[in-house]
Amino acid sequence: MENYKDWLKKERFKSVAFKIARTNHLFARVKVNGVWGDFILDTGASNSCIDFNYIEKFNLTTSSSETKASGAGANGLFTEVSYNNQIQLGRWKTDGFNLVLLDLSHVNNALTEYKTKNVHGIIGSDIFVHANAIIDYQNLLIYLK
């Protein structure tokens, strides 16, 4: 029987390292439109998103949205959308990806209270589903296809 790492390699999965903060959030460096940023990996988030403050940093073109966002600690948040972005985690990347833009100050305020690094955005289950993600918590790796 082959081990799972050999199988993942044969199936062309790419491994991406992540860190676990004292808050138990998973953190990874992510490249959006060619620019690196700090992101939370959140399987409970339905969509990947970026804070409004970083529209220019990540070269995002935005469109208005009627959708209101909600999450832990915040409800009814105003959103915008950015279409056709390139997302890269490690050696894995995808083009034409849509991102939600919203105010993540409630997230960063909570991280600051725990003396944890602030983030530019959140990678949500839309990416994980798209990439058939497998999370290896023991080795602090996420595998993306």
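Right above here is the structure, for reference.
Everything quoted here is computed from the prediction, not taken from an experiment.

Chemist: Tell me about the pattern of salt bridges, and name the residues and values.
Modeler: Pairing is possible between side chains of opposite charge, provided their charged atoms come close. Throughout the structure, instances matching the rule amount to three salt bridges. Where Asp-38 meets Arg-29, a salt bridge forms, and the shortest distance between an N and an O atom there is 3.0 Å. Via salt bridges that share partners, Arg-29, Asp-38 and Lys-117 belong to a single interconnected network.

Chemist: I'd like to hear about the sheet that holds strand 11 (residues 141–144), residue by residue, with values.
Modeler: With antiparallel pairing, the three strands of this open sheet are ordered in space as 1-11-10. Since the sheet does not close on itself, it has two edges, and those belong to strand 1 (14–17) and strand 10 (134–136), each with one partner. Within this sheet the neighbouring strands show an average axis-to-axis angle of 25°, counted without direction. Here strand 1 runs beside strand 11; their pairing, made up of four bridges, is antiparallel. Residue pairing across strands places Ala-17 opposite Leu-141, the latter belonging to strand 11.

Chemist: Kindly report on the environment of Thr-112, identifying the contributing residues and their values.
Modeler: Position of Thr-112 relative to the elements: it lies in helix 2 (residues 105–113). Of note is the side chain of Thr-112, whose polar atom sits 2.9 Å from the backbone oxygen of Asn-108.

Chemist: Provide a residue-level description of unusual backbone geometry, including the pertinent values.
Modeler: Glycine aside, a negative phi is what most residues show, and trans is what most peptide bonds show. Non-glycine residue Asn-59 carries a positive phi angle of around 55°. For Asn-59, the location among the structural elements is in the loop between strand 5 (49–51) and strand 6 (62–71). The phi dihedral of Leu-140 is positive, around 55°, even though this residue is not glycine. Examined against the element boundaries, Leu-140 turns out to sit in the loop between strand 10 and strand 11. Of the residues examined, Leu-140 reaches a relative accessible area of 32% and is grouped as partly exposed.

Chemist: Describe the packing of aromatic side chains, naming the residues involved and giving the relevant values.
Modeler: For the structure on display, the rule yields four aromatic pairs. On the basis of an interplanar angle of 85° and a centroid distance of 6.5 Å, the ring pair of Tyr-4 and Tyr-143 is categorised as edge-to-face. Residue Tyr-4 is found in helix 1 (residues 4–10), and its partner Tyr-143 is found in strand 11; the two are separated by 139 residues along the sequence. The exposure class assigned to Tyr-143 is buried, which follows from its relative accessible area of 6%. Over the ring of Phe-58 we find Lys-57, and its NZ or CZ is 5.6 Å from the ring centre.

Chemist: Residues and numbers for the nonpolar core, please.
Modeler: In this structure, Val-32, Leu-41, Ile-50, Ile-87, Leu-89 and Ile-123 are the most contacted members of the largest nonpolar core, which totals 24 residues. Counting residues per element, the ones that place at least two in this core are strand 3 (26–32), strand 4 (35–41), strand 7 (74–89), strand 8 (92–102), helix 3 (125–130) and strand 11. Look past the residues within four positions of Ile-123 in its chain and what remains in contact with it is Val-30, Phe-39, Ile-40, Leu-41, Asp-42, Ser-48, Ile-87 and Phe-128. Counting 12 residues, the second largest nonpolar core, distinct from the first, contains Ala-21, Phe-27, Ala-45 and Val-119.

Chemist: Could you give an account of a nonpolar patch on the surface, with specific residues and numbers?
Modeler: Taken together, the side chains of Ile-20, Tyr-137 and Leu-140 define a hydrophobic patch exposed on the protein surface, amounting to about 260 Å² of accessible area. Along the chain, Ile-20 falls in strand 2 (residues 19–20). The exposure class assigned to Ile-20 is partly exposed, which follows from its relative accessible area of 39%.

Basis of the calculations
- Once a new chain begins, its residue numbering starts again from 1 and follows that chain's sequence as written.
- Side-chain atom pairs in this predicted model are given and counted only at pLDDT of 80 or more, local residue features only at pLDDT of at least 70, and totals for whole chains, interfaces and linings cover all residues.
- Note that the side-chain values use all heavy atoms of the structure and ignore hydrogens as well as water.
- We define a salt bridge as a side-chain nitrogen of Lys or Arg found within 4 Å of a carboxyl oxygen belonging to Asp or Glu.
- Paired strands are those between which DSSP finds at least two bridges.
- Starting at the N terminus, helices and strands are each numbered in turn, a helix being any DSSP run of H or I of at least four residues and a strand any DSSP run of E of at least two.
- Comment: axis = line fitted to C-alpha atoms, over the contacting stretch for helices; angle = value between 0 and 180 degrees taken between N-to-C directions.
- Polar contact criterion, stated in full: a pair of N or O atoms within 3.5 Å, where within protein one must be able to donate a hydrogen and the other to accept it, and residues adjacent in sequence count only if both atoms are side-chain atoms.
- Partly exposed describes any residue whose relative accessible area lies between the buried limit of under 20% and the exposed limit of over 50%, with all areas from a 1.4 Å probe on protein chains only and scaled to the type maximum.
- Any pair of Phe, Tyr and Trp rings, taking the six-membered ring for Trp, is counted once the centres come within 6.5 Å. Such a pair is stacked with planes under 30 degrees apart, edge-to-face with planes over 60 apart, and tilted for the rest.
- Here, a charge over a ring means that NZ of Lys or CZ of Arg falls within 6 Å of the ring centre while also lying within 35 degrees of the ring normal.
- As used here, the term nonpolar core means buried Ala, Val, Leu, Ile, Met, Phe, Trp, Tyr and Cys residues forming a set that is joined through side-chain atoms within 4.5 Å.
- Contacts are assigned to residue pairs with any non-hydrogen atoms lying within 4.5 Å of each other.
- Only residues whose relative accessible area exceeds 30% and that take part in no salt bridge are eligible for patches, with like-charged residues grouped when within 9 Å of each other and nonpolar side chains (Val, Leu, Ile, Met, Phe, Trp, Tyr) grouped when within 5 Å.
- Note on areas: Shrake-Rupley with a 1.4 Å probe; residue coverage comes only from the protein chains shown.

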